[in-house]
Amino acid sequence: MNSKQIEYCIELARTLNFGRAADNMFVSQPTFSYQIKQLEEEIGFEIFERSGKGAALTPAGEQFVTTMTSVLNQVKYAVEQGQNFSAKYKDSISICMMVRSALYFLPEAMRLMADEHPEVQIEPQFIYENSLNSFLRNDSDILLALKEQTRHIPSINVHALFESRIYLIARRDDPLADKNLVSTEDLYGRSLMVGGGSPAALRAVQQRLINTGRIDYFNSPDHDTTLTNVAAGRGVCLAPGFLNDHSGQFAWIPFDCPETFSCVLCTHKNDARESIVSFVNILKQLYSEAKAFPL
């Protein structure tokens with residue numbers, strides 16, 4: 001099996017027509033058909049059912065093509081990253097977070113890092129769920145996490161970064177958008193969206209509001225669905241400030257409660273590279289200087 005055969009297979013799965021797929025790959029149809037047959041013989045099962053109308057994926061073929069498409073994309077990505085790395089960089093640092101907005105000052109940190117260490121490439125990674133597990137598998141060098149997630153985990157360094165408070169998210173035309181601070185009483189008679197993988201501190205606040213018996217609520221599976229419902233006027237929600245993308249689409253109003261989120265950077269204890277230390281210090285300095293910035 002070679003990459004060309006895999007590309008032929010994926011193209012045939014897309015077109016389900018041998019002639020059209022061969023034309024798209026700039027080879028003759030006999031050559032194309034031969035390569036597909038060779039691939040099927042090597043792997044030991046039929047990928048396609050042939051007929052006078054063209055081709056159709058077998059159940060095994062459908063699974064095979066799905067997996068091979070992912071593999072081929074990963075190979076292309078690895079080659080592209082390797083080309084970029086070999087052309088300019090001597091070292092690389094990957095930093096993982098749940099969403100892009102979670103580290104508002106990341107772009108500025110990357111620019112400052114490029115000035116200090118132009119030979120180091122910073123590679124952001126975005127994993128909304130299970131990012132900690134990914135980090136512990138050494139899939140990333142730095143992780144943005146909540147302090148509560150990092151307790152009792154050996155072999156990592158935890159660097160305090162910033163405290164993030166809880167905000168109410170509402171449409172900009174909502175009467176609550178004019179407030180400087182929203183209280184529990186302000187939400188009486190309103191619909192509150194809850195759930196969606198909320199951190200423990202946020203769940204505690206949500207439950208406290210629900211327990212008043214004066215606030216309607218319904219479950220939302222994730223943050224994006226919640227924001228869609230807010231935009232549709234179905235309700236309001238509470239969220240950590242670090243999820244604010246500062247696009248201005250919604251009103252983010254501070255909510256009156258004591259709970260906050262301690263956001264930290266995690267690094268591996270066995271990774272003592274100077275570039276890691278420098279980048280962590282740059283991020284810490286940026287957040288230290290932004291005390292008036294809403295988080």
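Please read all numbers here as calculations on a predicted model, not as lab measurements.

Enquirer: I'd like a description of the pattern of salt bridges, backed by residues and values.
Expert: As enumerated under the stated definition, the model contains 12 salt bridges in all. Its salt-bridge partner being arginine 50, residue glutamate 40 comes within 2.8 Å of it at the nearest N-O pair. Of this pair, glutamate 40 sits in helix α3 (residues 29-43) while arginine 50 sits in strand β1 (residues 48-51); the two residues are 10 residues apart in sequence, bridging distant segments of the chain. Residue glutamate 40 is classed as buried on the basis of its relative accessible area of 5%. Between glutamate 259 and arginine 208 there is a salt bridge, with the nearest N and O atoms lying 2.8 Å from each other. Separated by 51 residues along the polypeptide, glutamate 259 in the loop between β10 (250-254) and β11 (260-268) and arginine 208 in helix α7 (residues 200-210) bring together distant segments of the chain. Residue classification places arginine 208 among the partly exposed residues on the basis of a relative accessible area of 41%.

Enquirer: Give me helix α9 (residues 274-288): which residues, what numbers.
Expert: Its 15 residues place the ends of α9 21 Å apart at the C-alpha level, agreeing with the 21 Å of an ideal helix rising 1.5 Å per residue. For α9, every residue scored as buried is listed here: Ser275, Ile276, Ser278, Phe279, Val280, Ile282, Leu283, Leu286 and Tyr287. In this structure, the buried residues of α9 make contact with β3 (91-97), α5 (106-116), β4 (120-126), β5 (142-146), β6 (156-171) and β11.

Enquirer: Account for a nonpolar patch on the surface, naming residues and giving values.
Expert: A cluster of nonpolar side chains, contributed by Val71, Val75 and Val79, occupies part of the molecular surface with about 210 Å² of accessible area. When you line up the elements, valine 71 lands in helix α4 (residues 59-88). Looking at valine 71, the relative accessible area reads 36%, which means it is partly exposed.

Enquirer: Give a detailed account of the pairing of β1, specifying residues and quantitative values.
Expert: Looking at chain direction, β1 and strand β2 (residues 54-57) are connected through four bridges and run antiparallel. Directly across from serine 51, in β2, lies its bridge partner glycine 54.

Enquirer: Summarise unusual backbone geometry; cite the residues concerned and give the values.
Expert: The phi torsion at phenylalanine 26 lies on the positive side, around 60°, for a residue other than glycine. Tracing the sequence through the fold places phenylalanine 26 in the loop between α2 (18-24) and α3. Phi at histidine 246 takes a positive value of approximately 55°, unusual for a residue other than glycine. When its relative accessible area of 31% is taken as the criterion, histidine 246 is described as partly exposed.

Enquirer: Got a sec to walk through the packing of aromatic side chains? Specific residues and values, please.
Expert: Within this structure, the stated rule accounts for 10 aromatic pairs. Between tyrosine 8 and phenylalanine 32, the ring centres sit 5.1 Å apart and the planes meet at 35°, which makes this aromatic pair tilted. With a gap of 24 residues between them, tyrosine 8 in helix α1 (residues 3-15) and phenylalanine 32 in helix α3 connect regions that are remote in the sequence. Each of the two residues, tyrosine 8 as well as phenylalanine 32, counts as buried. Given the relative accessible area of 0%, phenylalanine 32 is considered buried. Joined through ring pairs, the aromatic side chains of Tyr104, Phe105, Phe162, Tyr287 and Phe293 make up one cluster.

What counts and what doesn't
Residues numbered from 1 in each chain as written. Predicted model: local features only at pLDDT ≥ 70, side-chain atom pairs only at ≥ 80, totals over all residues. Heavy atoms only, no water. Salt bridge = Lys/Arg side-chain N within 4 Å of Asp/Glu carboxyl O. Helix = DSSP H or I, 4+ residues; strand = E, 2+ residues; numbered from the N terminus. Buried < 20%, exposed > 50% of the residue type's maximum accessible area, 1.4 Å probe, protein only. Expected span 1.5 Å × (residues − 1). Contact = heavy atoms within 4.5 Å. Patch = residues over 30% accessible without salt bridge, like charges linked within 9 Å, V, L, I, M, F, W, Y side chains within 5 Å. Areas by Shrake-Rupley, 256 points an atom, 1.4 Å probe, with all protein chains shown as cover. Pairing = 2+ DSSP bridges. Phe/Tyr/Trp six-rings, centres within 6.5 Å; stacked < 30°, edge-to-face > 60°.

All quantities given are derived from atomic positions and should not be read as evidence of function.
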